[in-house]
Amino acid sequence: MRIGIGYDVHKLVSGRPLILGGVNIPFELGLIGHSDADVLVHALMDAMLGALSLGDIGKYFPDDALKYKDADSMKLLNEVNDIIKAKNFEIVNIDSIIIAQKPKLKNYIPEMILNISNILDINIDQVSVKATTEEYLGFTGNLEGIKSQVVVLLEERKL
């Protein structure tokens, strides 16, 4: 068994969509980044790669490569899952948290879980997504950005 942890943060700006867990969330601000800036999925990919000491997403999807400009992070997650499977590992479970003052995310979490479980070909009960605020403290509390932390447990597949 291998454990990985992932962390990502992106700045909130106007004129960009807010995409979390592959869900386009209606909000006046969105996250800026080279890809779609899905902090939840980025942290998840880093956790998966980190569990097997394979580096981080920048190694596989460089932020200076035009190929990944505005990329759909769910498609990148599928590629990372292929890497994990090629190493003969599978996901046992995922525990994640999104830290954002606004918008309120609880109504979108079931769709995020479904999106992630579908891409990774795992059961929805293997995916936990939670959301919290920082009570108006720090950059997330001041609506400057959103961050996410993820822990993933992998095990070697039985042949």
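For the structure, see preceding data.
Description of the structure in this document. Computed from a predicted structure; not experimentally measured.

Conventions and cut-offs
- Residues numbered from 1 in each chain as written.
- Predicted model: local features only at pLDDT ≥ 70, side-chain atom pairs only at ≥ 80, totals over all residues.
- Heavy atoms only, no water.
- Helix = DSSP H or I, 4+ residues; strand = E, 2+ residues; numbered from the N terminus.
- Contact = heavy atoms within 4.5 Å.
- Axes fitted to C-alpha atoms, helices over the stretch in contact; angles between N-to-C directions.
- Parallel < 35°, antiparallel > 145°, perpendicular 65-115°, else oblique.
- Nonpolar A, V, L, I, M, F, W, Y, C, P; charged D, E, K, R; others polar.
- Left-handed = near helix turned anticlockwise from the far one by under 90°.

Mapped onto the secondary structure, Ala51 falls in helix H1 (residues 39–51). On a C-alpha basis, the gap between Ala51 and Asn115 in space is 21 Å, while along the polypeptide they are 64 residues apart. Not counting chain neighbours up to four residues away, the residues in contact with Ala51 comprise Arg2, Ile3, Gly4, Val152 and Leu154.

Okay, the packing of H1 against helix H3 (residues 73–86) next. Interhelical geometry of H1 versus H3 gives an angle of 10° and a closest axis separation of 10 Å. Our classification of the angle between H1 and H3 gives roughly parallel. The segment H1 lies against H3, with Val41, His42, Leu44, Met45, Met48 and Leu49 engaging Ser73, Met74, Leu76, Leu77, Val80, Asn81, Ile83 and Ile84. Its residues placed into classes, the contact of H1 with H3 shows 11 nonpolar, three polar and no charged.

As a further point, take the packing of H1 against helix H4 (residues 109–120). With their axes 12 Å apart at the nearest point, H1 and H4 run at an angle of 40° to one another. It follows from the interaxial angle that H1 and H4 lie oblique. The interaxial crossing formed by H1 with H4 has right-handed handedness. Along the contact surface, H1 presents Leu40, Leu44 and Met48, while H4 presents Met112, Ile116 and Leu120. Tallied by class, residues from the contact of H1 with H4 come to six nonpolar, no polar and no charged.

The values reported here are purely geometric and, on their own, carry no functional implication.
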